[in-house]
Amino acid sequence: MSRKTQRVIPGFGISMGVTISILSIVVLIPLASLVVYSAKLEPKQFFTVITRDRVLSSFWVSISTSAVAAMVNAVMGTVIAWVLVRYSFPGKRIMDGIIELPFALPTAVAGISLTSLLADTGWVGGLFSKIGIKIAYTKIGITIALIFIGIPFVVRAVQPVLETLDATLEEAASVLGANRRVIFFHVILPELLPALFTGAALAFGRCLGEYGSVVFIAGNKPFSTEIAPLIIMAELQEYDYPAATSIALVMLAFSFLTLFLVNLVQSRNAKILGGAK
């Protein structure tokens, strides 16, 4: 005779009710307000707002710089995670803690610091300006700011996978005659790819909506370095809430698509691991 499974935490109905309530207050209701305000515009007006040349340019700046930053973070984040997991050195714990500094640091502080550093009068920007390379107030500066914001996502996604990676796989490949390059690309990297994709996608989604650390270093030149969140803020300052929420709704769609792909990859990876067991 089967025995009813005893749950560690009873009261599923109450727990689910509290969960849905918190989720609604924190996430669903604010997001629903975007749809409500956007609905005040007719479909033709909605598409007119989001297809204005200046708005389309801001979409391109935000998406392109976020994509480049995510790809750079995928490489740099993997290298940093590899060093933190595979090597022991003085100050390792301090370095491990510094990785999460972008999470705690106010974005405005990060933006002002990066601008001071990368401007033509700054330490780094001054060196590059001598050879004709301008960093601050260009897409390069925006990308660097987004790399700063997004890199912890990749490191923290890849690091646990490296820590739990079975070392016997590498040893077996080495015994069979594989060199370090073959071992990395054919043994280690396939195991890291799901976590690497997840971290890069989360970094992309975070960078897509970043405002505080970018607005200072971007220069905010229309059709050049103006980001979509700045357009939204400008519309809000003019009390044009339907236009602001319409642009925000497009950004939300990109973010939702990114998170959907992340969940799809995680679900597929979980099925593969479950089948392997």
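Just so you know, these numbers come straight off a predicted model, no measurement behind them.

## With respect to the packing of helix α3 (residues 53–86) against helix α8 (residues 139–164)
α8 packs onto α3 with a crossing angle of 40° between their chain directions and a minimal axis gap of 5 Å. By the angle between their axes, α3 is oblique relative to α8. In the crossing of α3 with α8, the sense of the turn from one axis to the other is right-handed. Of the residues in the contact of α3 with α8, the class split is 20 nonpolar, 8 polar and 3 charged.

## What to know about the environment of Leu-117
Checked against the element boundaries, Leu-117 lands in helix α6 (residues 107–118). Considering only alpha carbons, one finds Leu-117 and Ala-136, 19 residues apart in sequence, at a separation of 8.8 Å. Contact partners of Leu-117, with chain neighbours within four places excluded, come to Gly-122, Trp-123, Val-124 and Gly-125.

## Considerations on the side chain of Ser-57
With respect to the element layout, Ser-57 can be found in helix α3. With a relative accessible area of 15%, Ser-57 lands in the buried category. Once residues lying within four places of it in the same chain are set aside, the contact partners of Ser-57 are Phe-223, Ser-224 and Glu-226.

## Examining α8
End to end, α8 covers 38 Å across 26 residues, agreeing with the expected 38 Å (1.5 Å per residue, within 8%). The largest bend along α8 measures about 40° and falls at Gly-150, with the proline Pro-152 one to four residues further on.

## Topic: the pattern of salt bridges
Considering all chains together, one arrives at 7 salt bridges under this definition. Glu-100 is the partner of Arg-156 in a salt bridge, and the nearest nitrogen-oxygen pair spans 2.9 Å. Of the two residues, Arg-156 sits in helix α8 while Glu-100 sits in the loop between α4 (92–98) and α5 (101–104), which places them 56 residues apart along the sequence. With a relative accessible area of 37%, Glu-100 lands in the partly exposed category. One continuous salt-bridge network, built from bridges that share partners, spans Asp-96, Glu-100 and Arg-156.

Cut-offs used in this document
- Residues numbered from 1 in each chain as written.
- Predicted model: local features only at pLDDT ≥ 70, side-chain atom pairs only at ≥ 80, totals over all residues.
- Heavy atoms only, no water.
- Axes fitted to C-alpha atoms, helices over the stretch in contact; angles between N-to-C directions.
- Helix = DSSP H or I, 4+ residues; strand = E, 2+ residues; numbered from the N terminus.
- Parallel < 35°, antiparallel > 145°, perpendicular 65-115°, else oblique.
- Left-handed = near helix turned anticlockwise from the far one by under 90°.
- Nonpolar A, V, L, I, M, F, W, Y, C, P; charged D, E, K, R; others polar.
- Contact = heavy atoms within 4.5 Å.
- Buried < 20%, exposed > 50% of the residue type's maximum accessible area, 1.4 Å probe, protein only.
- Expected span 1.5 Å × (residues − 1).
- Bend = angle between axes of the 7 residues up to and from the residue.
- Salt bridge = Lys/Arg side-chain N within 4 Å of Asp/Glu carboxyl O.

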